[in-house]
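Architecture and fold: a report
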Amino acid sequence: MKASLPAGLYVITDSGLCASAGLLAAVSAAIDGGAVIVQYRDKSGDAQRRRDEAAALVGLCAERGVVSIINDDVGLAVETDADGVHLGGDDANPAEARTRLGNDALIGVSCYDSLALARTAKAAGCDYVAFGSAYPSPTKPGAVHAPLDVYRRAAAELDVPIVAIGGITPANAVPLVEAGCRAVAVISGVFGTDDIHAAARAYAVCFGHQADADRLE
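Before going into details, it helps to say that this report is about the structure given with it. It should be emphasised that the depicted structure is a prediction, and the values quoted were computed from it without experimental measurement. (Residues numbered from 1 in each chain as written. Predicted model: local features only at pLDDT ≥ 70, side-chain atom pairs only at ≥ 80, totals over all residues. Heavy atoms only, no water.)

**A word on the pairing of strand S1 (residues 8–12)**
- In terms of burial, S1 is largely enclosed, as five of its five residues are buried.
- Pairing between S1 and strand S8 (residues 183–186): four bridges, direction parallel. Pairing of Tyr 10 across the sheet is with Ala 185, part of S8.
- The sheet contact formed by S1 and strand S2 (residues 35–40) spans four bridges and is parallel. Bridge assignment links Ile 12 to a residue of S2, and that residue is Gln 39. (Buried < 20%, exposed > 50% of the residue type's maximum accessible area, 1.4 Å probe, protein only. Helix = DSSP H or I, 4+ residues; strand = E, 2+ residues; numbered from the N terminus. Pairing = 2+ DSSP bridges.)

Next up, the structure:
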């Protein structure tokens, strides 16, 4: 059965930021704080390490009942039995990814600031679309800016969940949620902090997940 994209905090791993705590410990702390979606993202050329880390992360997510997504690599998503894959502008077509991953997989597509790209992605069978950068991003300072109106229009026009990414903090996340975003994706705002659990919890509260975070303490 296909997993649905839950509403809430969507964390994206970073090998450098997660190194000191260890990938699984960092992700576990984020889940404890309320993260409901975890994307494994690693752009290195170490294929064996990527396979090992992704498999371990997917296993952890399955144990904890959260959604696991692999960034860009459809083959790795198949190999690790992840819940889905997230595709960028230069990655596989959603329809091709669907053929390889099957009907139960979640497929997300980065659409930057373009509603036209989002419509195309939806027509190709994606399960969610992501726009960003919502705000200036420390991870991708040169990223295209997607203003709040893009999220509002997407929510009104597209019948798929919307994810916001880029420069999102607990202080500026609520307008995106109010504009119709199902999830906010965060890298350094969680994994670049001294207290990953507390950082994740601050985002989870923006979605009314306070009670969930309390139960996990």
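Further notes follow.
**Focus: the sheet that holds strand S3 (residues 67–71)**
- One closed barrel holds the eight strands; their spatial order is S1-S2-S3-S4-S5-S6-S7-S8, and the pairing between them is parallel. Here the strands of the sheet are splayed against their neighbours by 25° on average, with no regard to which way each runs.
- Strand contacts of helix H5 (residues 94–101): strand S4 (84–87) and strand S5 (106–110), with the helix running at about 160° to S5, the strand carrying the most contacts.
- Contacts from helix H7 (residues 148–157) reach strand S6 (128–131) and strand S7 (162–165) within the one sheet, and its direction differs from that of S7 by about 170°. (Axes fitted to C-alpha atoms, helices over the stretch in contact; angles between N-to-C directions. Contact = heavy atoms within 4.5 Å.)

**With respect to the pattern of salt bridges**
- Using the criterion set out here, one finds ten salt bridges in the structure.
- Note that Glu 53 is salt-bridged to Arg 49, the shortest N-O span being 3.1 Å. Of the two residues, Glu 53 and Arg 49 are both situated in helix H3 (residues 47–64); the distance of four residues between them amounts to about one turn of the helix.
- The class of Glu 53 is partly exposed, set by a relative accessible area of 23%.
- By relative accessible area, Arg 49 is classed as partly exposed at 27%.
- Notably, a salt bridge pairs Arg 50 with Asp 73, separated by 3.2 Å at the nearest N-O pair. With a gap of 23 residues between them, Arg 50 in helix H3 and Asp 73 in the loop between S3 and helix H4 (74–80) connect regions that are remote in the sequence.
- Judged by its relative accessible area of 24%, Asp 73 is partly exposed.
- Each member of the salt-bridge network shares a partner with another, and the members are Asp 42, Asp 46, Arg 49 and Glu 53. (Salt bridge = Lys/Arg side-chain N within 4 Å of Asp/Glu carboxyl O.)

**Some remarks on unusual backbone geometry**
- That bond from Gly 132 to Ser 133 is cis: its omega, 20°, falls within 30 degrees of zero.
- Counting through the fold element by element, Ser 133 comes out in the loop between S6 and H7.
- The residue Asp 72 is not glycine, and still its phi comes out positive at about 70°.
- Tracing the sequence through the fold places Asp 72 in the loop between S3 and H4.
- Of the residues examined, Asp 72 reaches a relative accessible area of 22% and is grouped as partly exposed.
- Even without being a glycine, Tyr 112 presents a positive backbone phi close to 60°.
- With respect to the secondary-structure elements, Tyr 112 resides in the loop between S5 and helix H6 (115–123).

It is worth stressing that arrangement in space is one thing and function is another; only the former is reported here.
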